[in-house]
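Examination of the molecular architecture
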Amino acid sequence: MNATDLAYAPATELIPRIRAKALSPVELTRAVLERIEQVNPKVNAFCTVTADAALAAARAAEDAVMKGGRLGPLHGIPVSIKDLALVEGVPARFGSHVFATRIGEVDAPYVRRLKEAGAILTGKTTTPEFGWKALGDSPLTGITRNPWNLGMTSGGSSAGAGVATAAGLGPLHQGSDGAGSVRVPSAFCGIYGLKPTFGRVPMWPVSNTDSASHTGPMTRTVADAALMLGVMAGPDDWDRQSLDAAPDDYVGRLRAGVKGLRVGWSLDLGCLQVDPEVGQVAKRAALAFQELGCPVEDVKVSWPDTREMIHLMWNAHYAGNYGQYLREFRSRMDPGLVAALEDGRRYSAEAYVAMRGRKHAYCDAVRALFDTYDLLLTPTVSVAAFEVGRLNPVGFPQHAWDWFPWAGFSYPFNFTGQPAATVPAGFTASGMPVGLQIVGRRLADLQVLQASAAFEQARPWAQKRPAI
């Protein structure tokens, strides 16, 4: 393999080569760092590159291989962490001037586990300010660009992770998802992204967003995501909301197939505006499940309206968590975030608690559909990636802070905490990726991975690379 092919290679292919001493962790890490150095100035996926520490860790990993030492499941494999996570000794800026000089003092639980598994940290990937929107720009780190078309947004808030995956800046990338932040950039960038069941991957600091934020893998192959999730998942007392269950055998049982499952398809969840071309690409992809032995039925969705729910809860959470910084940093903050914080401040405690009650009722309504169906398929996003610099695409309502109308397939399943993945479904006529969302019952992470793997086998995508 040349350096570019090494940087694009999946972890599942690299690991046996490292263990067989056919590939040095140092050679692999250098190839990924060289690729980052070459491509990152064009796409702005990494806001921090930890090259020296990565090479030191790679040399230690190589030494362990040569001396027959203990090798973890990700031994010698490069990984990136989103800059909404804490990594000891590495900047934790959250895309904001508020934290421009902050350095992480501890590793988040999943960072600790990745390191213990032998992964090599190459750096931190970009996010919009505090992860407030599903786009890829921040006032501190600038614009993150889509590798399929540099004039288009990467999506967000796991913006850099999506771009790094698509552009071949290493095999494994961590993202987080409070309202679509793994799935939107994965769909826009043509990669695989998984939001596991809430609590599957422990977090610290624990997110103060009413059980909406999830951590998951962003990769080019489903097998890599299964491998990465198996390392990150499992209970941890640092996060008392983490599930008290060991990870399932995501890798060993990945190829079990989906024959006989009941699969529902919804073009619009009964209420969403969807670009016709995106809807057609996603529906063609959904019908592939019929080839896999699953009947695919059109589902009539009549769940309660969630627009007021996301507006109140999202902005109230952000106002409570970050409104304190407005007095000092307003002029250096994202204007859309400032408007959202101001909106969040207007809600009363009574209104918030009443909305939480409506959220619980909404979760009951969604659960009822999954009493009938094993999986629900939808477009991942209502549109393909659109021009950088816009909060909303042409043809959708324009607003100071409300980006949710074009991302309405995502946040409902943050409310419910269900596992939801996005697989590359195809491309628009202009060459931009489209995603198909696969939603499973709560706790059914393995089944969502199996469905994703079956679809990947039927409609392979990993060989497609952006021309960058």
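Our subject is the structure that appears above.
Now for a description of the structure that goes with this document. (Residues numbered from 1 in each chain as written. Predicted model: local features only at pLDDT ≥ 70, side-chain atom pairs only at ≥ 80, totals over all residues. Heavy atoms only, no water.)

Charged atoms that come close allow side chains of opposite charge to pair. Following the criterion strictly, the structure yields 23 salt bridges and no others. Across the salt bridge formed by Lys 133 and Asp 334, the nearest N and O atoms sit 2.9 Å from each other. Of this pair, Lys 133 sits in the loop between strand 3 (120–125) and strand 4 (137–138) while Asp 334 sits in the loop between helix 12 (326–329) and helix 13 (335–344); the two residues are 201 residues apart in sequence, bridging distant segments of the chain. Asp 334 matches Lys 133 in its accessibility class, with the two residues each being buried. A salt bridge links Asp 177 to Arg 183, with the nearest nitrogen and oxygen atoms 3.0 Å apart. Taken as a pair, Asp 177 and Arg 183 share a single burial class, namely buried. Each of Arg 112, Arg 113 and Asp 236 takes part in a single network of salt bridges with overlapping partners. (Salt bridge = Lys/Arg side-chain N within 4 Å of Asp/Glu carboxyl O. Helix = DSSP H or I, 4+ residues; strand = E, 2+ residues; numbered from the N terminus. Buried < 20%, exposed > 50% of the residue type's maximum accessible area, 1.4 Å probe, protein only.)

Here we take up the state of the cysteines. On inspection of all chains with the given rule, the structure shows 0 disulfides. With no disulfide of its own, Cys 47 has Cys 189 as its nearest cysteine by sulfur position, at a separation of 16 Å. Its relative accessible area of 18% is what places Cys 47 among the buried residues. Residue Cys 189 is classed as buried on the basis of its relative accessible area, which comes to 0%. (Disulfide = S-S within 2.5 Å.)

Residue placement: His 75 occurs in the loop between helix 4 (51–66) and strand 2 (78–82). Among the residues examined, His 75 registers a relative accessible area of 8% and is labelled buried. For His 75, the residues in contact, after removing those within four places along its chain, are Ile 18, Ala 61, Ala 64, Val 65, Arg 70, Ala 117 and Gly 118. (Contact = heavy atoms within 4.5 Å.)

Looking now at the packing of aromatic side chains. Throughout the structure, instances matching the rule amount to 24 aromatic pairs. Ring centres 6.0 Å apart and planes at 15° place the aromatic pair Phe 188 and Trp 406 in the stacked group. Pair noted here: Phe 188 is in helix 7 (residues 183–189) and Trp 406 is in the loop between strand 13 (375–379) and helix 15 (412–416), with a separation of 218 residues, a long-range link. Like Phe 188, the residue Trp 406 is buried in the burial classification. For the pair Trp 314 and Trp 403, a centre-to-centre distance of 6.1 Å together with 85° between the ring planes defines the contact as edge-to-face. Placement of Trp 314 in helix 11 (residues 307–322) and of Trp 403 in the loop between strand 13 and helix 15 is noted, with a sequence separation of 89 residues between them. Sitting over the ring of Tyr 8, Arg 465 keeps its end group 4.1 Å from the ring centre. (Phe/Tyr/Trp six-rings, centres within 6.5 Å; stacked < 30°, edge-to-face > 60°. Lys NZ or Arg CZ within 6 Å of the ring centre and 35° of its normal.)

Following the sequence through the fold, Glu 297 ends up in strand 12 (residues 296–298). You can call Glu 297 partly exposed: its relative accessible area is 29%. Spatially, the C-alpha atom of Glu 297 lies 4.9 Å from that of Gly 264, the residues being 33 residues apart in sequence. The contacts of Glu 297, once residues within four sequence positions are left out, are Arg 262, Val 263, Gly 264, Trp 265 and Tyr 373. Here the side chain of Glu 297 touches Tyr 373 through a polar contact of 2.8 Å, side chain to side chain. (Polar contact = N/O pair within 3.5 Å; in protein donor to acceptor, adjacent residues only side chain to side chain.)

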